[in-house]
Amino acid sequence: MEDTLRIAILSLHTCPLNRPGSRYTGGMNIYIQNLAQELARRGHSVDIYTCSHPDDDLCNLVVGSDNLRLIHIESPDYSLISEETLGNHIAMLSDSIDSFCLEQNKHYDLIHSHYWLSGIVGSKLKQKWCVPHITMFHTLGAVKNSLGLGILEPEYRILNEQVIIKNADLIVASTQKEKRELVNRYSADPARIEVVPCGINAALFHPVDKEVARQMCGLAPKKTALFVGRLDPLKALGNLLEAISPLKSRDDFQLVVVGGNDHGVDFKAIMDAACDYEVSHSVNFIGSVPHERMHLYYNAADFCVIPSYYESFGLVALESLACGTPVIATDVGEIRDIAGICQSCRIIKGNTPSELSMNITAMLDRIGNKKNGYSKLVDHYGWGHVADRILQQYKAVIDRNAEYTQQRCSYKS
Ligand code: UDP
């Protein structure tokens, strides 16, 4: 095996360059960007295949440097995907990627797909190219449906997830919880699942002076709770609005909400909830913020609240703590492990508004000076470390597959 690998990353559901915090763009985009950069920095050749998006000048262009490219390929309108059309869409996506590779005489050592749609295309390309396929789901349809919140994920998503799980050479889960869900709900083979957490960009997320950060964000000098995330019912922002209702007469308190600038049905539901709980005047809706400015909001806040019913990982907790800002969170994703490393991460027992409210009130009484960032947290979750662990998995999978690849394929590089 060569020391440097040729890696095809599939991010077909959403372009990694889209701004996080809108409906379909969040932690996965940040993950792909950071992982790809770390791999390229180590000298590996990385091509990220993503969907074309008409609102962007970059559409259909290859952007990037020699060993890190973002390739926009022609893609279907995802809102038109249904059980009937899915097969054609998948064929179109995998054919477009394959044709691009043929034209460029480009070969890969492995495919790393993200989210179920890319996972199906990854399964197809694995057959065609005879290279190993590593997949990450980021969220699982069956787990989302088990919560019974928001729009149900279609049965064909879950069936396709099962097919991907059966055929992938390795599944990377970002938490032990996700591994258990894969085994219990999808009968995945535990021997083909490795847990590698998501990473934190310590160069971006570190403590800066609270007052300076507040000024840079244009926030009032009040006691400040922060919520960061897409306006998805699973993020339970409605519960948080109810939880701050007892504080509505305090003019020294504000809740800052970062994320969610698409004025769709979820946005309306949140605005209605803010009116119902009479907290509109205490809430500052910022909309989505470029990722490079997120550290300012974490630093401007006195604490960050994660009231979610479900998180696949919970990057927001890591980012906030790395900035020295305490976190109150429900027991979701990686939060328990993070709290094990960092005492400023407090897990609340349930996720009822009254439980949240109690914890927020207690936190308001304890607001103190900003803590230092948590070096232990950064040691464990720093991107350098996480990328090394992913690379180890790539190499192990390639070694395991070498024999199979030689026997079964006429594919030559
Ligand atoms: N984020 C951002 N701008 C926003 C809102 C969110 O850059 O306006 C980023 C945030 O910093 C974090 C990610 O989006 O890196 C959200 O990740 P998380 O794992 O918390 O949630 P997910 O979107 O994966 O459900």
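Everything below is about the structure shown above.
Residues numbered from 1 in each chain as written. Predicted model: local features only at pLDDT ≥ 70, side-chain atom pairs only at ≥ 80, totals over all residues. Heavy atoms only, no water.

### Some remarks on the site of the ligand
Within the structure, the ligand sits among 20 residues, and Arg230, Lys235, Val289, His291 and Glu319 are positioned closest to it. Contact distances for the ligand include 3.4 Å between an oxygen atom and a backbone N or O atom of Val316. Protein chains shield 93% of the accessible area of the ligand, which is 550 Å² for the free molecule. Per-element tally for the shell around the ligand: the top contributor is helix α11 (residues 315-322), with 3 residues. Among the residues forming the shell around the ligand, the class breakdown is 9 nonpolar, 7 polar and 4 charged. (Near = heavy atom within 4 Å. Polar contact = N/O pair within 3.5 Å; in protein donor to acceptor, adjacent residues only side chain to side chain. Areas by Shrake-Rupley, 256 points an atom, 1.4 Å probe, with all protein chains shown as cover. Helix = DSSP H or I, 4+ residues; strand = E, 2+ residues; numbered from the N terminus. Nonpolar A, V, L, I, M, F, W, Y, C, P; charged D, E, K, R; others polar.)

### Considerations on helix α9 (residues 265-276)
Its 12 residues give α9 an end-to-end C-alpha distance of 16 Å, which sits within 8% of 16 Å, the value for a rise of 1.5 Å per residue. What α9 keeps buried is the set Phe267, Ile270, Ala273 and Ala274. For α9, the angular spread of the buried residues around the axis is 125 degrees, confining them to a single face. Residues Val265, Lys268, Cys275 and Asp276 are exposed on α9 and point more than 90 degrees away from its buried face. Positive backbone phi, approximately 55 degrees, marks Glu278, located one or two places after α9. (Expected span 1.5 Å × (residues − 1). Buried < 20%, exposed > 50% of the residue type's maximum accessible area, 1.4 Å probe, protein only. Arc of directions from axis to C-beta.)

### Digging into the packing of aromatic side chains
For the coordinates displayed, the defined rule picks out 7 aromatic pairs. Ring geometry for Tyr49 against Phe100: centres 5.9 Å apart, planes inclined by 80 degrees, an arrangement best described as edge-to-face. In this pair, Tyr49 is assigned in strand β2 (residues 45-51) and Phe100 in helix α2 (residues 86-104), connecting sequence segments 51 residues apart. Residue classification places Phe100 among the buried positions, given a relative accessible area of 13%. Members of the aromatic cluster, joined through ring pairs, are Tyr49, Phe100, Tyr108 and Trp129. (Phe/Tyr/Trp six-rings, centres within 6.5 Å; stacked < 30°, edge-to-face > 60°.)

### Details of unusual backbone geometry
Although it is not a glycine, His138 adopts a positive phi angle of roughly 70 degrees. Counting through the fold element by element, His138 comes out in the loop between β6 (133-136) and α4 (141-147). By relative accessible area, which is 11% here, His138 ends up buried. Positioned with a positive phi, Ala236 is a non-glycine residue whose angle comes to about 55 degrees. Position of Ala236 among the secondary structure elements: in the loop between β9 (223-228) and α8 (237-243).

### Considering the environment of Met28
Considering the arrangement of structural elements, one finds Met28 in helix α1 (residues 27-41). Judged by relative accessible area, which is 11%, Met28 ranks as buried. Residues Met28 and Thr14, spaced 14 residues apart in sequence, show a C-alpha to C-alpha distance of 8.9 Å.

### Describing the sheet that holds strand β12 (residues 303-306)
One open sheet holds the 6 strands; their spatial order is β11-β10-β9-β12-β13-β14, and the pairing between them is parallel. Strand pairing shows two members of the sheet lacking a second neighbour, β11 (283-287) and β14 (345-347), which therefore form its edges. On average, each strand axis in the sheet is tilted by 20 degrees relative to the strand beside it, whichever way the strands run. The pairing of strand β10 (residues 253-258) with β11 spans 4 bridges and is classified as parallel. What sits directly across from Leu255, in β11, is Val283. (Pairing = 2+ DSSP bridges. Axes fitted to C-alpha atoms, helices over the stretch in contact; angles between N-to-C directions.)

### Overview of the side chain of His291
By the element assignment, His291 lies in the loop between β11 and α10 (294-300). Here His291 falls in the buried class, since its relative accessible area comes to 13%. With sequence-adjacent residues up to four places away left out, His291 is seen in contact with Pro20, Ile30, Leu204, Phe205 and Glu319. (Contact = heavy atoms within 4.5 Å.)

### Brief notes about the pairing of β9
When you tally the buried positions in β9, you get 5 out of 6 residues, the bulk of the element. Where β9 meets β10, 6 bridges bridge the pair, whose relative direction is parallel. Bridge pairing in β10 links Ala225 to Leu255. At this point the chain moves from β9, through α8, to the parallel β10, and the crossover so formed is right-handed. Two elements, β9 and β12, share 2 bridges in a ladder whose sense is parallel. When the sheet's bridge partners are listed, Ala225 is paired in β12 with Phe303. (Right-handed = clockwise from strand over helix to strand, strands pointing away.)

### A few points about the pattern of salt bridges
All told, the structure shown has 24 salt bridges when counted by the stated rule. Between Asp302 and Lys210 there is a salt bridge whose closest N-O contact spans 2.4 Å. In this pair, Asp302 sits in the loop between α10 and β12 while Lys210 sits in helix α7 (residues 210-217), placing the two residues 92 residues apart along the sequence. Take Asp302: its relative accessible area is 8%, and that puts it in the buried class. By relative accessible area, Lys210 is classed as buried at 14%. Residues participating in the shared-partner salt-bridge network are Glu38, Arg41, Arg42 and Asp388. (Salt bridge = Lys/Arg side-chain N within 4 Å of Asp/Glu carboxyl O.)

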